[in-house]
Amino acid sequence: QLQPVESGGGLVQPGGSLRLSCVASGLPLDSYDIGWYRQAPGKEREGVSCIPIEGQTYYAESVKGRFTISRDNAKNTVYLQMNNLKPDDTAVYYCAVGSARSMCFIGGSYGMDYWGKGTLVTVSS
């Protein structure tokens, strides 16, 4: 079954950095929209960032200027560099893969067909 796999989560102090990675065997990620989503305890899942096949990348307002999404096509990997982390960033982060019809470019999850199991990011002192 095609499924992206996330890695790179962990415990970090406020102000610290983490880099999440998303790989997917059998899915050429440069042919799909790739989104990062997160879900904090007791909250709904939200779109964090998206790198679409075409068009501009998307960032949620809460992470603009701190998070950066990027692709490494040679490694078939998408990264989410997270800097200046805050306690409110604590959540399970999911990588999702979707077709060009997806709503990833505005932070939506419609059309995101493949989801990873998530990686936990905890920001705490």
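Above this text is the structure in question.
Calculation rules
- Residues numbered from 1 in each chain as written.
- Predicted model: local features only at pLDDT ≥ 70, side-chain atom pairs only at ≥ 80, totals over all residues.
- Heavy atoms only, no water.
- Helix = DSSP H or I, 4+ residues; strand = E, 2+ residues; numbered from the N terminus.
- Rg over C-alpha atoms; globule rule 2.2 N^0.38 Å.
- Buried < 20%, exposed > 50% of the residue type's maximum accessible area, 1.4 Å probe, protein only.
- Contact = heavy atoms within 4.5 Å.
- Areas by Shrake-Rupley, 256 points an atom, 1.4 Å probe, with all protein chains shown as cover.
- Lys, Arg positive; Asp, Glu negative; His and termini not counted.
- Charge placed at Lys NZ, Arg CZ, Asp CG, Glu CD.
- Salt bridge = Lys/Arg side-chain N within 4 Å of Asp/Glu carboxyl O.
- Core = buried A, V, L, I, M, F, W, Y, C linked by side-chain atoms within 4.5 Å.

Caption draft 1: Structural view of the overall build of the protein. A count of helices and strands for the protein gives zero helices and eleven strands. Along its sequence from the N terminus, the protein presents helices and strands in the succession β-β-β-β-β-β-β-β-β-β-β. Relative to the globule expectation of 14 Å for 125 residues, the C-alpha radius of gyration of the protein, 13 Å, shows essentially globular dimensions. The dimensions of the protein, computed from C-alpha atoms along their principal axes, are 40 × 25 × 25 Å. In the protein, which comprises 125 residues, the proportion classed as buried is 43%. Sequence separation of at least 24 residues holds for 59% of the intrachain contacts in the protein that already meet a minimum separation of 6. Summed over all atoms, the accessible surface of the protein reaches about 6500 Å², with 47% contributed by carbon and sulfur. Of the side-chain charges in the protein, 11 are positive and 11 negative, and the distance between the mean point of each set is 4 Å.

Caption draft 2: A look at the pattern of salt bridges. Applying the stated criterion to the full structure yields five salt bridges. A salt bridge links arginine 66 to aspartate 89, with the shortest nitrogen-to-oxygen separation between them at 2.7 Å. Taken as a pair, arginine 66 in the loop between strand E6 (58–59) and strand E7 (67–72) and aspartate 89 in the loop between strand E8 (77–82) and strand E9 (91–98) lie far apart in primary sequence, 23 residues in all. Here arginine 66 and aspartate 89 have matching classes, each one buried. Arginine 101 is the salt-bridge partner of aspartate 113, the closest N and O atoms lying 3.5 Å from each other. Here aspartate 113 is found in strand E10 (residues 112–115), whereas its partner arginine 101 is found in the loop between E9 and E10, with twelve residues between them in sequence. Relative accessible area serves as the criterion here: at 42%, aspartate 113 is assigned to the partly exposed category. Arginine 101 gets classed as partly exposed once you look at its relative accessible area, which sits at 46%. If you follow the salt bridges from partner to partner, you end up with Arg38, Glu46, Arg66 and Asp89 in one network.

Caption draft 3: Up close: the nonpolar core. Core analysis: the largest hydrophobic core is formed by 27 residues, its most contacted members being Trp36, Phe67, Val78, Leu80, Met82 and Tyr93. Among the elements of the structure, strand E3 (18–23), strand E4 (33–39), strand E5 (46–51), E7, E8, E9 and strand E11 (119–123) are those that each provide at least two residues to this core. If you tally residues by element for this core, the top one is E9, at four residues. Beyond its immediate chain neighbours, meaning those up to four positions away, tyrosine 93 contacts Glu6, Leu20, Trp36, Tyr37, Arg38, Val48, Phe67, Leu80, Met82, Gly118, Thr119 and Val121. Grouped together as the second largest cluster of nonpolar side chains are five residues, Tyr37, Cys50, Ala96 and Cys104 included.

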